[in-house]
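Chains, contacts and geometry: an overview
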Amino acid sequence: MRFNNIVKCLAIALPLTVLSACSSNSDTDEQSQIDTNAQVTQNAEAAQKEQEAVLVTAAKRAAEIEEQKRQELETLRAEHIIYFDFDVSNVNEKFSEILDAHAKFLTANSEIKILVEGHADQRGTPEYNIALGERRAKSVVTYLENMGVAASQITVVSYGEEKPMIKDRSENAFAKNRRAVLVY
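The numbers attached to residues start from 1 for each chain and follow its sequence in the written order. Totals for whole chains, interfaces and linings use all residues, but because this is a predicted model, local features are given only for residues with pLDDT of at least 70 and pairs of side-chain atoms are given and counted only at 80 or more. Processing note: side-chain calculations cover all non-hydrogen atoms of the structure and skip hydrogens and water entirely.

An unreviewed UniProt entry annotates the chain as Peptidoglycan-associated lipoprotein originating from Colwellia marinimaniae. The UniProt entry for the chain carries the following comment under Sequence similarities (unreviewed entry): "Belongs to the Pal lipoprotein family." UniProt positions are given in the numbering used here, feature names are shortened, and annotations may be inferred rather than shown by experiment. Entered under Subcellular location (unreviewed entry) in the UniProt record, the comment concerning the chain runs "Cell outer membrane".

Looking at the environment of L76
The secondary structure listing takes helices from DSSP runs of H or I that are at least 4 residues long and strands from runs of E that are at least 2 residues long, numbered from the N terminus. When you line up the elements, L76 lands in helix α2 (residues 26-78). For the pair L76 and L182, spaced 106 residues apart in the sequence, the C-alpha separation amounts to 9.1 Å. Those residues in contact with L76, other than ones at most four positions away along the chain, are A101, H102, F105 and Y184. The contact criterion used throughout is that any non-hydrogen atoms of two residues lie within 4.5 Å.

Concerning the pairing of strand β4 (residues 179-183)
Only protein chains enter the accessibility calculation, which uses a 1.4 Å probe; a residue is then buried when its area is under 20% of its type maximum, exposed when over 50%, and partly exposed in between. Summarising burial for β4: four of the five residues are buried, a large majority. At least two bridges found by DSSP between two strands are what make those strands a pair. The sheet contact formed by strand β1 (residues 81-83) and β4 spans three bridges and is antiparallel. Looking across to β4, one finds that I82 is bridged to A180. Here strand β2 (residues 114-119) runs beside β4; their pairing, made up of four bridges, is antiparallel. Note that in β4 the partner of V116 across the bridge is L182.

Digging into the sheet that holds β1
Ordered in space as β1-β4-β2-β3, the four strands form an open sheet in which the pairing is mixed. One side of each edge strand has no neighbouring strand; the edge strands of this open sheet are β1 and β3 (154-160). Averaged over all neighbouring strand pairs, the angle between strand axes comes to 20°, with direction disregarded. Looking at chain direction, β2 and β3 are connected through six bridges and run parallel. Looking at the pairing, V116 lines up with V156 of β3. As a rule, the C-alpha atoms of each element are fitted with a line to give its axis, helices using only the stretch in contact, and angles between N-to-C directions run from 0 to 180 degrees.

What to know about the pattern of salt bridges
Note on pairing: side chains with opposite charge can pair once their charged atoms come close. Salt bridge, as applied in this entry: a Lys or Arg side-chain nitrogen positioned within 4 Å of an Asp or Glu carboxyl oxygen. Scanning the model with the defined rule gives nine salt bridges in all. We note a salt bridge from R123 to D121, for which the minimum N-O separation is 3.0 Å. Classification of D121 as buried rests on a relative accessible area of 3%. For R178, the salt bridge identified is with D121, shortest N-O distance 3.3 Å. Here R178 is found in the loop between α5 (171-177) and β4, whereas its partner D121 is found in the loop between β2 and α4 (126-146), with 57 residues between them in sequence. Of the two residues, R178 and D121, neither departs from the other in class, the shared state being buried. One salt-bridge network, in which partners are shared between bridges, spans D121, R123, E171 and R178.

A short note on the side chain of N109
Along the chain, N109 falls in the loop between α3 (96-108) and β2. With relative accessibility at 9%, the residue N109 sits in the buried group. Setting aside residues up to four positions removed in sequence, N109 forms contacts with K69 and Q153.

What to know about the environment of G124
Locating G124 in the fold gives a position in the loop between β2 and α4. Spatially, the C-alpha atom of G124 lies 9.9 Å from that of G160, the residues being 36 residues apart in sequence. For G124, the contacting residues outside a window of four places in its chain are N129 and E161.

Focus on the nonpolar core
Throughout, nonpolar core names a set of buried Ala, Val, Leu, Ile, Met, Phe, Trp, Tyr and Cys residues whose side chains join them through atoms within 4.5 Å. Counting residues in each nonpolar core, the largest one holds 21 residues, and the members touching the most others are I82, V116, V140, L144, I154 and L182. Only α2, α3, β2, α4 and β4 provide two or more residues apiece to this core. Setting aside its immediate chain neighbours within four residues, L144 contacts L99, H102, A103, V149, I154 and L182.

Spelled out as structure tokens, the structure:
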């Protein structure tokens with residue numbers, strides 16, 4: 001009989017023990033939820049900081065690119081005159097390096113526009129010099145277009161003899177006035 005009582009006690013106690021071991025308490029569930037929320041908040045803050053860092057880096061890179069473009073443009077503006085021989089409108093090959101640099105910059109920056117001014121010295125009639133200045137400007141434009149610059153980026157104007165660089169009537173002055181000027 002004693003054995004029976006022990007078995008009955010065990011039969012009642014064992015399931016109660018198992019049930020109590022399997023049940024969770026509400027404090028543990030609440031703490032688990034708080035920990036999960038804290039982790040989610042930390043992850044969101046870390047992601048936001050990372051995104052801000054990426055944006056700052058991108059802004060710095062954009063500023064560096066813009067500064068590099070500005071410096072390159074300043075360099076090109078320093079070398080922007082193509083000189084021509086007397087009564088000639090073909091681009092001399094000694095200016096190909098300058099024009100190649102301008103073409104490279106313009107093809108890389110399709111939003112930038114350029115004006116090509118054609119000029120002539122004071123010899124010849126004003127009508128002839130206007131036409132000669134236009135032929136000189138157009139030969140520069142043809143060179144740039146052959147290097148890949150879009151025609152929509154280029155405008156041409158001829159001043160003929162109207163805007164001399166040097167107003168003297170010497171051969172040196174004439175040589176400086178026979179030119180095409182690239183204006184950004």
